[in-house]
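Observations on the three-dimensional arrangement
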Amino acid sequence: MKLTEVKLYTMEMRMKTAFTTSFGTMQDKTFLLIEAKDESGVVGWGEGVAFDTPWYTEETVKTSLHMLQDFLVPMLIGRELGHPDEVTGLFQSIRRNNMAKSAIEGAVWDIYAQLTKQSLAQAVGGTREKIEVGISIGIQPTVGELLQVIAQFLNEGYRRIKVKIKPGWDVHVIRQIRARFPDIPLMADANSAYTIEDIALLKQLDEFNLMMIEQPLAHDDIVDHAILQKQLKTPICLDESITSFDDARKAVKLGSCGIINIKIGRVGGITEAKRIHDYCEAHGIPVWCGGMLEAGIGRAHNIALTSLMNFVMPGDTAASSRYWYEDVIVPEVTVDAGYIYVPKEIGIGYDVNRDIINRYAKNVVVIK
Ligand code: OSB
Ligand code: MG
């Protein structure tokens, strides 16, 4: 495998509805698509999951573009690669910038799957035929509206409801959800909105039988989370705090969480995501696949990863139509009775729709 040309598309697509978390609201989504060509002519696709603001992590679309254009892609072009796992090693000399790394690494995995005539799921070692799907619901203007949105997604078959919380939108909201839906699989994601001073408040969430509380404390913390976890019955799930295999290993050792949300972009690629998956499997830590409001290519990569056996809890990778009027892949991702069927076709298992990509691409950079 040897890359000869890489195209970086800056996409601008408007989501059907705004998505609000404790850190802000997003609706017009800017993101990168990566088209990488191998010397044999095979084309692989990757998606950058950085947002245009550095709210979730420090990366943005522009920092990703800079890293890819000036450092990461030039390291790969013209270099013989035996396996996509080698990309992570090559990128070790570059600090962090995990979403930029992952965008091109995903395209290399796609090429590798095609060259070896496997589906991407098979190439990563996944064996599930279908994966369980949950939904992540942003903060709504009123609790009444939130209850309506939850009812609608339950009706569409989603198997787990995740709601976003923040100070002032937490215990009373969860109480009303539980009053209306006493038995649904329910969890809350704070996106780092609390501090260790909030232990008393967070302990109040224990009475609602949540599957987990996701990332209550600082985005880079595992120490306070370990202190908090000792005082909570509800498992903590770490998202932002896990940016690598070593982060996961240390968090598990410290007891900072009972569950890990794996996002390919946050940890720097599929290879690192698999390592975290395997470590957690060996240590009895359930994992699930988080989402970054992806378009179809990122969604397809998430589906392939989630076909690994320790993805035992429903993920956030919902149907394309939950986010987009039209997706960049054909067919779009659909959810059937709460499951996505893992494609068996060679590569990502969806066709890329170039008309749509060209329509929403605001800029294209070609690197040879
Ligand atoms: O914390 O998981 C998160 C969306 C944007 C940034 C961070 C998060 C999320 C979500 C939605 O929860 C996931 C999705 O539906 O793709
Ligand atoms: Mg999260």
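Rules of the game
- Residues numbered from 1 in each chain as written.
- Chains lettered and ligands numbered in written order.
- Predicted model: local features only at pLDDT ≥ 70, side-chain atom pairs only at ≥ 80, totals over all residues.
- Heavy atoms only, no water.
- Disulfide = S-S within 2.5 Å.
- Buried < 20%, exposed > 50% of the residue type's maximum accessible area, 1.4 Å probe, protein only.
- Near = heavy atom within 4 Å.
- Polar contact = N/O pair within 3.5 Å; in protein donor to acceptor, adjacent residues only side chain to side chain.
- Areas by Shrake-Rupley, 256 points an atom, 1.4 Å probe, with all protein chains shown as cover.
- Nonpolar A, V, L, I, M, F, W, Y, C, P; charged D, E, K, R; others polar.
- Domains from an automatic or database assignment.
- Contact = heavy atoms within 4.5 Å.
- Buried area = accessible area lost by both parts, 1.4 Å probe.
- Helix = DSSP H or I, 4+ residues; strand = E, 2+ residues; numbered from the N terminus.
- Pairing = 2+ DSSP bridges.
- Axes fitted to C-alpha atoms, helices over the stretch in contact; angles between N-to-C directions.

**What about the state of the cysteines?**
If you walk through the whole model with that rule in mind, you get zero disulfides. In this model cysteine 280 remains outside any disulfide bridge; the closest cysteine sulfur is found in cysteine 257, 7.2 Å from its own. Its relative accessible area of 0% is what places cysteine 280 among the buried residues. Cysteine cysteine 289 is unpaired, with the sulfur of cysteine 237 as its nearest cysteine sulfur at 11 Å. According to the relative accessible area criterion, cysteine 289 is buried, its value standing at 1%.

**Topic: the site of ligand 1**
The environment of ligand 1 is made up of 19 residues, and the closest members are Ser136, Lys164, Asn191, Leu293 and Tyr323. A distance of 3.0 Å separates an oxygen atom of ligand 1 from a polar atom in the side chain of aspartate 189. In isolation ligand 1 offers 390 Å² of accessible surface; the protein chains occlude 100% of this area. Partitioned by chemical class, the residues of the shell around ligand 1 number eight nonpolar, three polar and eight charged. Two domains each donate at least three residues to the shell around ligand 1, and these are domain 1 (3–117 + 352–367) and domain 2 (122–351).

**Structural notes on the domain arrangement of the protein**
Domain annotation for the protein reports domain 1 (3–117 + 352–367) and domain 2 (122–351). The C-alpha-based centres of domain 1 and domain 2 are spaced at 22 Å. The interface is formed by 42 residues belonging to domain 1 together with 49 residues belonging to domain 2. Summed over both partners, the interface of domain 1 with domain 2 buries about 3,800 Å², with 66% contributed by carbon and sulfur atoms. Considering only the surface of domain 1 that becomes buried against domain 2, Lys16, Phe19 and Tyr56 emerge as the three largest contributors, covering 19% of it.

**Digging into the side chain of serine 241**
Looking at where serine 241 falls in the secondary structure, it is placed in the loop between strand E9 (236–238) and helix H9 (245–254). Among residues more than four places away in sequence, those in contact with serine 241 are Gln215, Ala218, His219, Asp220, Asp221, Ile222, His225 and Asp247.

**Overview of the sheet that holds strand E3 (residues 43–48)**
Reading across the sheet, the four strands line up as E3-E2-E1-E15 and stay open at both edges, with antiparallel pairing between neighbours. Taken across any chain shown, the strands that pair with only one partner, and hence form the sheet edges, are E3 and strand E15 (361–367). When the angles between neighbouring strand axes are averaged without regard to direction, this sheet yields 20°. The pairing of strand E1 (residues 3–21) with E15 spans six bridges and is classified as antiparallel. Counted as the bridge partner of lysine 7 is valine 366 from E15. In the packing of helix H3 (residues 98–115) onto the sheet, contacts are made with E1, strand E2 (24–38) and E3, and the angle to E3 comes to roughly 150°. Relative to the sheet, helix H12 (residues 296–306) contacts E2 and E3, its axis offset from that of E3 by approximately 95°.

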